[in-house]
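Each chain is listed here by its residues.
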Amino acid sequence: MSAGRPARWTRNQKLAAGAVALGLGALLIGDPGDGGRVTLDARELAALVEGEVDHVTPDELADWIVAGRQDFRLVDLRAEADYAAYHVPGAERIPITGLEDAELARNEKIVLYSQEGIHSAQAWFLLKARRYPAVYILLGGLAQWQEQVLYPVRPEAGAGAEERAAFERAAARAASFGGAARAAAAGLAPAVPALVPPPITAPGVAPTAPPPAGSPVKKKKKEGC
Amino acid sequence: MNAPLFKFGLFGDEFSLVVAFLIGIGFGFFLERAGFGSARKLTDQFYLKDMAVFRVMFTAIVTAMLGLFYLGWLGWVDLSLVYVSPTFLWPQVAGGLLLGVGFVVGGYCPGTSLVALATGKLDALAFVAGIFAGIFAIGEAWPAISGFAESSALGRLTLPEVLHLPAGLVVLLVVLMAVGGFWGAAALERRFAGRGAGEGS
């Protein structure tokens with residue numbers, strides 16, 4: 001600095017002035033927004049569908065629940081009465097018409113299921129069109145959840161050791177969800193009523209004290225950033 | 001911090017640990033460079049002798065805020081994907097006070113204590129031992145305090161939503177607050193710099 005002339009700005013003052021200038025620019029912009037754009041890349045969506053990366057199998061979902069994973073939201077799209085009768089532990093009911101108002105954040109991983117999978121596929125499309133990046137469909141819906149997770153089929157007598165071991169694991173998991181193994185024939189015989197809804201139990205919850213049916217048991221997620 | 005890439009399955013558990021490790025190393029490096037590995041420097045903040053903590057933290061806030069605002073405006077970052085911690089008003093007020101008292105008494109906050117431990121400071125070792133004891137105590141006491149800890153849940157709040165102001169105006173106000181704060185901090189330092197803790201001048 002030379003005496004007699006106005007002092008030149010220090011580096012910190014320049015940085016502060018730059019920040020203020022950017023702040024004034026922000027004031028003019030107003031809202032950075034998410035643009036409100038609905039971008040629908042048909043080719044990208046088709047590729048997702050073909051690659052089947054938008055699926056979660058019942059086996060995967062069951063393992064997530066057993067592992068106590070809290071990093072996803074499970075959405076039951078069926079009617080109130082169906083939900084009250086049985087739902088996958090941790091699921092919350094959001095009707096397809098309520099998706100618009102539901103408090104689903106875009107940064108959440110969302111797993112959708114319906115009875116068979118048609119409604120969940122439609123809801124998947126609705127959410128994808130609204131730029132939800134991480135929406136998944138439970139493959140085969142609740143029907144396949146019951147077949148695969150709740151009531152796994154006992155293998156034939158001549159089954160290999162590997163198949164038996166896999167079945168033992170599945171049977172143990174079924175029990176923890178309140179289901180049970182069934183014989184292969186049971187699926188075809190009139191014993192189909194065996195597929196009655198079991199009590200809604202999640203692993204880790206004492207079977208003697210199941211959560212009251214119909215109450216959304218999902219707890220607030222806790223996660224760091 | 002590695003959300004949402006981790007949650008969306010773009011990489012798995014193992015790789016997310018690598019990412020977390022790299023971010024942690026970077027965070028620790030800049031804390032050390034700012035001088036925050038020293039309990040003396042950190043506690044000088046509370047005696048208003050050295051406002052470096054205030055400056056570094058507020059600079060980081062302003063930088064991140066401006067960066068996110070403009071990247072969002074340019075369409076390079078989708079702000080609706082950025083994680084916002086849910087607000088639990090009174091538990092967080094209580095937790096903030098508890099952390100502040102611990103900061104003054106112990107001379108560190110959790111992050112800086114690990115930085116100081118990495119440079120071999122024994123007081124940081126005691127502090128980190130205290131952190132683990134505290135985590136254990138909270139875990140044991142959780143059934144008794146969980147009712148309070150989950151009370152006054154207000155969901156995910158942002159300042160523009162709460163104040164009903166455009167985001168750009170909030171950005172400008174925070175920048176002005178920071179610049180005013182830095183000016184005030186310099187004035188405070190000139191006033192208190194010569195004084196040691198507990199001695200007049």
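Fair warning: this is a prediction, and the values are worked out from it, not measured in the lab. (Residues numbered from 1 in each chain as written. Chains lettered and ligands numbered in written order. Predicted model: local features only at pLDDT ≥ 70, side-chain atom pairs only at ≥ 80, totals over all residues.)

### So, the interface of chain B and chain A
The interface is formed by 29 residues belonging to chain B together with 23 residues belonging to chain A. Those elements that place two or more of their residues in the side of chain B that touches chain A are α3 (52–74) and α8 (167–192) of chain B. With nine residues, the top contributor of residues to the side of chain B that touches chain A is α8(B). Classifying every residue of the side of chain B that touches chain A by side-chain character gives 22 nonpolar, five polar and two charged. (Contact = placed C-beta atoms within 7 Å. Helix = DSSP H or I, 4+ residues; strand = E, 2+ residues; numbered from the N terminus. Nonpolar A, V, L, I, M, F, W, Y, C, P; charged D, E, K, R; others polar.)

### Some details on the pairing of strand β4 (residues 110–113) of chain A
Look at any regular strand and the pattern is simple: side chains alternate between the two faces of the sheet. Residues and elements named next belong to chain A. Of the two faces of β4, the one carrying Ile110 and Leu112 and the one carrying Val111 and Tyr113 are both buried. Relative to β4, strand β2 (residues 73–76) runs parallel, the two sharing four bridges. Within β4, the residue paired with aspartate 76 across the bridge is tyrosine 113. The pairing of β4 with strand β5 (residues 135–138) spans three bridges and is parallel. Across the sheet, the residue bridging to valine 111 is tyrosine 136, located in β5. One crossover worth recording links β4 to the parallel β5 by way of helix α5 (residues 118–129), and it is right-handed. (Buried ≥ 20, exposed ≤ 12 C-beta atoms within 10 Å, placed from the backbone. Pairing = 2+ DSSP bridges. Right-handed = clockwise from strand over helix to strand, strands pointing away.)

### A look at the sheet that holds strand β1 (residues 55–56) of chain A
Residue and element names in this part refer to chain A. In spatial order, the strands read β1-β5-β4-β2-β3; together these five strands make up an open sheet with parallel pairing. Of all strands in the sheet, those bounded by a partner on one side alone are β1 and β3 (92–93). Bridging between β1 and β5 involves two bridges; their strand directions are parallel. Within β5, the position partnered with histidine 55 by the bridge is isoleucine 137. Each of β4 and β5 is contacted by α5, which is oriented at about 180 degrees to β5, the strand it contacts most. (Axes fitted to C-alpha atoms, helices over the stretch in contact; angles between N-to-C directions.)

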